[in-house]
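A look at the structure
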Amino acid sequence: MNPIISSIIYFAIGMFFCAIGYKVFDMITPFDLNKEIDDHNVAAGLAVAGIFIGVAIVVSAAII
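Residues numbered from 1 in each chain as written. Predicted model: local features only at pLDDT ≥ 70, side-chain atom pairs only at ≥ 80, totals over all residues. Heavy atoms only, no water.

A few words on the overall build of the chain. Assigned secondary structure in the chain consists of 3 helices and 0 strands. For 64 residues, the compact-globule estimate of 2.2 N^0.38 gives 11 Å, and the C-alpha radius of gyration of the chain, at 14 Å, exceeds that figure by more than 25%. Projected onto the principal axes, the alpha-carbon positions of the chain cover approximately 45 × 20 × 15 Å. Each of the 64 residues in the chain was classed as buried or not, and the buried ones make up 19%. Carbon and sulfur atoms make up 76% of the accessible area of the chain, which totals about 4,800 Å². (Helix = DSSP H or I, 4+ residues; strand = E, 2+ residues; numbered from the N terminus. Rg over C-alpha atoms; globule rule 2.2 N^0.38 Å. Buried < 20%, exposed > 50% of the residue type's maximum accessible area, 1.4 Å probe, protein only. Areas by Shrake-Rupley, 256 points an atom, 1.4 Å probe, with all protein chains shown as cover.)

So, about the environment of Phe25. Relative to the helices and strands, Phe25 is located in helix 1 (residues 3-28). Along the sequence, Phe25 and Val55 sit 30 residues apart, while their C-alpha atoms lie 11 Å from each other. Ignoring any residue separated from it by four or fewer positions in sequence, one finds Phe25 in contact with Leu33, Ala47 and Ile51. (Contact = heavy atoms within 4.5 Å.)

So, on to the packing of helix 1 against helix 3 (residues 42-63). Between two packed helices, both the angle of their axes relative to each other and the distance between the axes serve to describe the pair. Where helix 1 contacts helix 3, the two axes come as close as 9 Å, and the packing angle between them is 140°. Here helix 3 runs oblique to helix 1, going by the angle between their axes. Remark: the crossing between helix 1 and helix 3 carries right-handed chirality. Seen from helix 1, the contacting residues are Tyr10, Gly14, Phe17, Cys18, Gly21, Tyr22 and Phe25; seen from helix 3, they are Ala47, Val48, Ile51, Phe52, Val55, Val59 and Ile63. (Axes fitted to C-alpha atoms, helices over the stretch in contact; angles between N-to-C directions. Parallel < 35°, antiparallel > 145°, perpendicular 65-115°, else oblique. Left-handed = near helix turned anticlockwise from the far one by under 90°.)

Function-wise, these values are silent; they only describe arrangement.
Pasting the structure below:
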């Protein structure tokens with residue numbers, strides 16, 4: 001397969017799972033993450049960043 005096409009496919013898969021991870025984390029927390037981030041809550045932003053990094057590490061390990 002063409003390396004550019006496979007990179008695009010892996011990018012799409014990674015973005016999909018990051019979005020799913022964010023939605024799951026948002027559902028299990030007792031507060032609205034979007035509202036907290038809009039209110040400039042740094043802790044909520046760092047938690048979301050951690051979720052994205054964690055999901056990206058897992059997806060990266062699964063692809064390789």
